[in-house]
Amino acid sequence: MTMQTYNTNLQSSYNNPSLQQLHQQLTNMASTRCLFTILLGITTYWTLFSLSLGNPGGLFLFPQFYDHACPQAPAIVKSIVEKAYAKDPRMAASLLRLHFHDCFVKGCDASVLLDTSGTMVSEKRSNPNKDSLRGFEVIDEIKYALENECPQTVSCADIVALAARDSTVLTGGPSWEVPLGRRDSLDASVQGSNNNLPAPNSTLSSIITKFKLQGLDIVDVVALSGAHTIGDTRCVSFRQRLYNQSGNGVPDFSLNPAYAAGLRTKCPSSGGDQNLFFLDLVTPFKFDNQYFKNLLVYNGILNSDEVLFTQSAQTMELVKLYAENNELFFEQFAKSMVKMGNISPLTGPMGEIRKNCRRVNHY
Ligand code: HEM
Ligand SMILES: *[C@@H]1O[C@H](CO)[C@@H](O)[C@H](O)[C@H]1NC(C)=O
Ligand SMILES: *[C@@H]1O[C@H](CO)[C@@H](O)[C@H](O)[C@H]1NC(C)=O
């Protein structure tokens, strides 16, 4: 099977025309006449940097970031993700979700990886994460390997971004070039984790609002929700739909009755909170557009999944489109993942490169 890498048109220094011109100028410095042009170029460069909003360090991420300092970094990440996936196929889903839960809280800065220490409460304790988020040991193993290879060079935030891409590819999904150069945070925000991440019983408008706060639009909401084509959910995340959706003692009307009956046998009205269920009942281990096909027949397991098909005409059209056209879904998923990966990265002098992803270097 051939793998296609999608051009995600990211806003990196490598395809920004004026930065390309500057690069050309810097490599052609033959005469002194060039000096003026260079100074002008540098001014333009810094202006562009300072204009990039929501990025405290102001520098752009770009895929070649480690090409000189640690060229083997992406290959090391990939090999350890592959090993973890071979041992536990669910791990691909868990690593993909880890990137999402990192990026929505203070940006993609590995804040989600920090353990509780001193006055800082770990994001691992938030409602969306506790007894649910996983993959931390795999990130630790990657970090350990990278510290041996290139000490204090590759950030934990970039490891998470690369692992999310590799996980998508391993399960049959699209590939994309991962912009790199993120740095790691010095703290975490459990409040941010509780407030910014949508809940499984959220309404569509609340989900859209939370994505919008991160600079993501409706197209991103629908495409990125397609990540639920792999992985598991616990009974506690959707029980409400099976028994008492609106406080009137009846199940959710937008849940297929046959599917609901099956779910009720292993997700009782009380107890069994941690029992696991596939997010995509048809092809649970394959990254494909089956998730969207499920929504068309009311077989989305989470309320937040099915509302994409039932609560707005716009998102309904996108669900239908991706259900019909896998290629289109893959292309948009890759684009939206790059966009999500660009949420407020720490760059330049901001943050640090952690030696251990679970704690800051000086604590
Ligand atoms: C649109 C709003 C979203 C909501 C409300 C949501 C909610 C959830 C919930 C409740 C679970 C199950 C957690 C549990 O019961 O333990 C879950 C799992 C998962 N989510 Fe989301 N999610 C959303 C968007 C996303 C996005 C944007 C991604 C990635 C791009 C993602 C990737 C995943 C994956 C892969 C899993 C399975 C993880 C595993 O098996 O370990 N989700 N999500
Ligand atoms: C969603 O679930 C939480 C936790 O179970 C509950 O407190 C809240 O009322 C629910 N929200 C809606 C809109 O049903
Ligand atoms: C459904 O929920 C409502 C509101 O939370 C509660 O008052 C009612 O007793 C519940 N009904 C059943 C059948 O569990």
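This text follows the structure it describes.
So, here's what we can say about the structure.

About the thresholds
- Residues numbered from 1 in each chain as written.
- Chains lettered and ligands numbered in written order.
- Predicted model: local features only at pLDDT ≥ 70, side-chain atom pairs only at ≥ 80, totals over all residues.
- Heavy atoms only, no water.
- Phe/Tyr/Trp six-rings, centres within 6.5 Å; stacked < 30°, edge-to-face > 60°.
- Buried < 20%, exposed > 50% of the residue type's maximum accessible area, 1.4 Å probe, protein only.
- Helix = DSSP H or I, 4+ residues; strand = E, 2+ residues; numbered from the N terminus.
- Lys NZ or Arg CZ within 6 Å of the ring centre and 35° of its normal.
- Near = heavy atom within 4 Å.
- Polar contact = N/O pair within 3.5 Å; in protein donor to acceptor, adjacent residues only side chain to side chain.
- Disulfide = S-S within 2.5 Å.
- Nonpolar A, V, L, I, M, F, W, Y, C, P; charged D, E, K, R; others polar.

### Observations concerning the packing of aromatic side chains
- Within the structure shown, the criterion is met by 18 aromatic pairs.
- Taking 4.8 Å as the distance between ring centres and 75 degrees as the angle between the ring planes, the aromatic pair formed by phenylalanine 100 and phenylalanine 104 counts as edge-to-face.
- On the basis of relative accessibility, which here comes to 0%, the residue phenylalanine 104 falls in the buried class.
- Centroid distance phenylalanine 238 to phenylalanine 277: 5.0 Å. Interplanar angle 90 degrees. Geometry classified as edge-to-face. Of this pair, phenylalanine 238 sits in the loop between strand S3 (232–234) and helix H10 (239–243) while phenylalanine 277 sits in strand S4 (residues 276–278), placing them 39 residues apart in sequence.
- According to the relative accessible area criterion, phenylalanine 238 is buried, its value standing at 2%.
- Residue phenylalanine 277 is classed as buried on the basis of its relative accessible area of 9%.
- One Lys or Arg, lysine 124, reaches over the ring of phenylalanine 136 and ends 4.2 Å from the middle of that ring.

### Section: the site of ligand 3
- The full set of residues close to ligand 3 is Asn244, Gly247 and Gly249.
- The contact in question runs from an oxygen atom of ligand 3 to an N or O atom on the side chain of asparagine 244, over 2.4 Å.

### Some words on the state of the cysteines
- Taken as a whole and assessed by the stated rule, the structure comprises four disulfides.
- Bridging cysteine 103 to cysteine 108, the disulfide has an S-S length of 2.1 Å. Its torsion about the S-S bond being 115 degrees, the disulfide of cysteine 103 and cysteine 108 is classed as right-handed. Like cysteine 103, the residue cysteine 108 is buried in the burial classification.

### Things to note about the site of ligand 1
- Neighbouring residues of ligand 1: 25 residues in total, closest Ser94, Ser132, His228, Arg234 and Ser237.
- Between an oxygen atom of ligand 1 and a side-chain N or O atom of arginine 90, the distance comes to 2.8 Å.
- Contact distances for ligand 1 include 2.8 Å between an oxygen atom and a side-chain N or O atom of arginine 234.
- When contributions to the shell around ligand 1 are tallied by element, the ones reaching two or more residues are helix H4 (91–103), helix H8 (204–212), helix H9 (218–225) and S3.
- In terms of residue count, H4 provides more of the shell around ligand 1 than any other element does, four residues in total.
- In terms of residue class, the shell around ligand 1 is built from 12 nonpolar, eight polar and five charged.

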